[in-house]
Amino acid sequence: MACLLETPIRMSVLSEVTASSRHYVDRLFDPDPQKVLQGVIDMKNAVIGNNKQKANLIVLGAVPRLLYLLQQETSSTELKTECAVVLGSLAMGTENNVKSLLDCHIIPALLQGLLSPDLKFIEACLRCLRTIFTSPVTPEELLYTDATVIPHLMALLSRSRYTQEYICQIFSHCCKGPDHQTILFNHGAVQNIAHLLTSLSYKVRMQALKCFSVLAFENPQVSMTLVNVLVDGELLPQIFVKMLQRDKPIEMQLTSAKCLTYMCRAGAIRTDDNCIVLKTLPCLVRMCSKERLLEERVEGAETLAYLIEPDVELQRIASITDHLIAMLADYFKYPSSVSAITDIKRLDHDLKHAHELRQAAFKLYASLGANDEDIRKKIIETENMMDRIVTGLSESSVKVRLAAVRCLHSLSRSVQQLRTSFQDHAVWKPLMKVLQNAPDEILVVASSMLCNLLLEFSPSKEPILESGAVELLCGLTQSENPALRVNGIWALMNMAFQAEQKIKADILRSLSTEQLFRLLSDSDLNVLMKTLGLLRNLLSTRPTLCILANIADGTTAKDLIMTNDDILQKIKYYMGHSHVKLQLAAMFCISNLIWNEEEGSQERQDKLRDMGIVDILHKLSQSPDSNLCDKAKMALQQYLA
């Protein structure tokens, strides 16, 4: 019986909720056009700021009727315009509302509306399209499905300041990646939007600026064009510089700084240009101060990190601007006191987004410390820095974990820090934990950092070996991701360098000669280089007693290689390769195999001679590459000794 009662209860609740909304929808079907128009206007007033009412009207089927009226030739322009306004209002509700509108094919209907001669109707359609396209649930591709849409939007840019504002906003939200940039660029986006930067309307100037930032991002073609564009006799970079002055709104300063940053990174502006060193960089550092809002500090730090990432001089300048390194430490103490934020809504928002500050700080520290030893030292000496990074490695947010690993990787390029701070904080422990189950993007950076921790002078090398790193790294060499294969092999190569025979045997056992052969046949050049480097290190012998002590631990690496003809043939193949670095790497392996002073060298030399290695060495001794020539002559000496 209980089951039978459930449906009526549900129905009664739904009918209560929707009964008050039903009359709005019913009026849309009235035979009197004037009553229909009044019904749409009343509906417009009823849904403003009322998400519950919006949801009810969608459930009751208002959307298909509104779209029908919007597209009917017999509908008056006023009715069509009011329908577009109501649809825009419904789209401003929840993401589910937008999904419902998309399911009813609202975008083609609105795009069709743009062909109308009536400006007010066009503006209403554009306003609604803007709201839908700026929603995260709308696929950007829907703007590019019909090839006639973009040129038509370009033509509408000149109609009014509203068409300019909405179209620029649609472009900046729907321009994701090089394909979209190319489409917009080829349809004259730069020329059509440039003059809007001097518009009397702040909103138009702002949206035009945002357009240029997304068009220029990682795009040399667009960036090189922008450098030479003149607006009212002034070059675009000069206009951007004016827009990032302190008296301009923060949003404008930040977006202008982004435009100049992206143009610089794309190679259109030199890194030592005054507009970068004296204008863009200081502006972005200003955005990192605690007086700024959370999202401004995040955007400022992330843009600055991107600007200085490849350039050591910019890193040095940034590190001594406005005490930036110390300023970033505040990113981890946010919000420091509740009383500092009087707006409860703002506090709630910031608490939910505080992890974005930590992510941005880690990114900027990673860029700052990418090259300069003194900067790395300053970063590590900043209060509790290593503890903060270690904590960041286990945060729930993947983005924070990735940024923390990147930061650590940047700092791990320092021999001094590997020997001190990294050891004091046992950084290898949380890193090994990160490597156990992480997405590929984190694994790539974490495994790259592990390569540094496994260098022979790193005190972390021993404990990492003891914690099962060999199996983990051998597992990485089987990844489908070439970057992970490279890092797995690279780390094993560092591990094998001047290592005891036991470690080398462990590596070969875990890796297997079959996998070693697969790696020697890899399509990725970096994998090949590192595999040959690993072989060289496995085959080289440290002339110390520990080797003799460990020789009883089983087959030596040399014996394993010598009994595997496939691998020997691969090494021989690379000796004759057109790539000199591969030839050199293969030469190192051969030299180690034939070295006279080691046991079994005569048998190895004989086998390799039978394979034709000596003939190849004679050829290489005539090589125009002096390095290769010298190595070949040295190897031939072993046969003569």
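In this text, all values refer to a predicted model and were calculated from it rather than measured experimentally. (Residues numbered from 1 in each chain as written. Predicted model: local features only at pLDDT ≥ 70, side-chain atom pairs only at ≥ 80, totals over all residues. Heavy atoms only, no water.)

Quick look at the overall build of the protein chain now. Tallying secondary structure elements over the protein chain gives 41 helices and two strands in all. Once the C-alpha set of the protein chain is aligned to its principal axes, its extents read approximately 110 × 80 × 55 Å. By residue count, 54% of the 641 residues in the protein chain fall in the buried class. For the protein chain, the proportion of contacts with a sequence separation of at least 24, taken over those separated by at least 6, is 67%. Here the protein chain has roughly 29600 Å² of accessible surface; of this, 53% comes from carbon and sulfur atoms. The average position of the 67 basic charges and that of the 72 acidic charges among the side chains of the protein chain differ by 3 Å. (Helix = DSSP H or I, 4+ residues; strand = E, 2+ residues; numbered from the N terminus. Buried < 20%, exposed > 50% of the residue type's maximum accessible area, 1.4 Å probe, protein only. Contact = heavy atoms within 4.5 Å. Areas by Shrake-Rupley, 256 points an atom, 1.4 Å probe, with all protein chains shown as cover. Lys, Arg positive; Asp, Glu negative; His and termini not counted. Charge placed at Lys NZ, Arg CZ, Asp CG, Glu CD.)

In this section: the UniProt feature "repeat: ARM" (unreviewed entry) in the protein chain. What UniProt calls "repeat: ARM" (unreviewed entry) maps, in this numbering, to residues 61-97. Within the segment residues 61-97, helix and strand shares are 76% and 0% respectively, and the terminal C-alpha atoms sit 12 Å apart. (UniProt positions renumbered as here; feature names shortened; annotations may be inferred.)

What follows is about helix α31 (residues 482-496). Look at α31: 21 Å from first C-alpha to last across 15 residues, which is about the 21 Å you get at 1.5 Å a residue. Across the 15 residues of α31, 12 count as buried, placing the element largely inside the fold. Every buried residue of α31 is accounted for by L484, R485, V486, N487, G488, I489, A491, L492, M493, N494, M495 and A496. Between the side-chain oxygen of the N-cap and the backbone nitrogen of A483 there are 2.9 Å, and the N-cap of α31 in question is N481. In the stretch just after α31, Q498 is the one whose phi turns positive, near 50°. (Expected span 1.5 Å × (residues − 1). Polar contact = N/O pair within 3.5 Å; in protein donor to acceptor, adjacent residues only side chain to side chain.)

Turning next to the nonpolar core. One finds F212 and L368 to be the most contacted residues of the largest nonpolar core, which totals 225 residues. L368 has contacts with I308, Q315, A318, S319, L324, I325, L328, I375 and I379, leaving out every residue within four places of it along the chain. (Core = buried A, V, L, I, M, F, W, Y, C linked by side-chain atoms within 4.5 Å.)

What follows concerns the side chain of R604. In this fold, R604 is placed in helix α39 (residues 601-610). Using a relative accessible area of 7% as the deciding quantity, one classes R604 as buried.

Let us look at the packing of aromatic side chains. Counting across every chain of the model gives seven aromatic pairs. Summarising the aromatic geometry, the rings of F217 and Y262 are spaced 4.8 Å apart at their centres and angled 65° between planes, so their arrangement reads as edge-to-face. One end of the pair, F217, is in the loop between α13 (202-216) and α14 (220-227); the other, Y262, is in helix α16 (residues 250-265), with 45 residues separating them in the sequence. In this structure Y262 comes out as buried when scored by relative accessible area, which is 11%. Taken together, F217, Y262 and Y306 form an aromatic cluster joined through their ring pairs. Seen from the ring of Y306, R265 lies directly overhead, with NZ or CZ sitting 4.3 Å from the centre. (Phe/Tyr/Trp six-rings, centres within 6.5 Å; stacked < 30°, edge-to-face > 60°. Lys NZ or Arg CZ within 6 Å of the ring centre and 35° of its normal.)

Next up on the list: unusual backbone geometry. The backbone phi angle of E218 is positive, close to 55°, even though this residue is not glycine. Turning to its location among the elements, E218 is positioned in the loop between α13 and α14. According to the relative accessible area criterion, E218 is exposed, its value standing at 54%. A positive phi angle, near 50°, is found at D232, a position not held by glycine. Its place among the elements puts D232 in the loop between β1 (230-231) and β2 (234-235).

Looking now at the confidence of the model for the protein chain. Mean pLDDT over the protein chain works out to 89, with 93% of the residues at or above the 70 mark. Long-range and interchain partners of residues 1-14, a stretch whose pLDDT sits below 50, account for zero contacts in this model, where long-range means more than four residues apart. Contacts for the low-pLDDT stretch residues 544-555, under 50 throughout, to residues beyond four places or in other chains number 11 contacts. (pLDDT = per-residue confidence, 0-100.)

This part is about helix α32 (residues 501-511). When α32 is considered as a whole, its buried residues turn out to be Q501, I503, K504, A505, I507, L508 and L511. Directly after α32, the chain includes S512, whose backbone phi takes a positive value near 75°.

So, on to the environment of H409. Looking at where H409 falls in the secondary structure, it is placed in helix α24 (residues 398-411). Look at H409 and you get buried, because its relative accessible area is 14%. It is 8.8 Å that separates the C-alpha atoms of H409 and A370, two residues lying 39 residues apart in sequence. Here H409 is in contact with V445, S448, M449 and N452, once residues within four sequence places are set aside.

Our next topic: the environment of L584. Along the chain, L584 turns up in helix α38 (residues 580-594). Look at L584 and you get buried, because its relative accessible area is 14%. A sequence separation of 44 residues divides L584 from L628, and the C-alpha atoms of the two residues are 6.1 Å apart. Here L584 is in contact with N627, L628 and K631, once residues within four sequence places are set aside.

Following the criterion strictly, the structure yields 26 salt bridges and no others. Across the pair K248 and D247 runs a salt bridge whose closest N-O atoms are separated by 3.8 Å. With relative accessibility at 28%, the residue K248 sits in the partly exposed group. Between K363 and E302 there is a salt bridge; the shortest N-O distance is 3.2 Å. Taken together, the residues span a long stretch of sequence, with K363 in helix α21 (residues 344-368) and E302 in helix α18 (residues 294-308) at a distance of 61 residues. Assessed through its relative accessible area of 29%, K363 is described here as partly exposed. Looking at E302, the relative accessible area reads 26%, which means it is partly exposed. Sharing partners across several salt bridges, the network here consists of K290, D330, K333 and E383. (Salt bridge = Lys/Arg side-chain N within 4 Å of Asp/Glu carboxyl O.)

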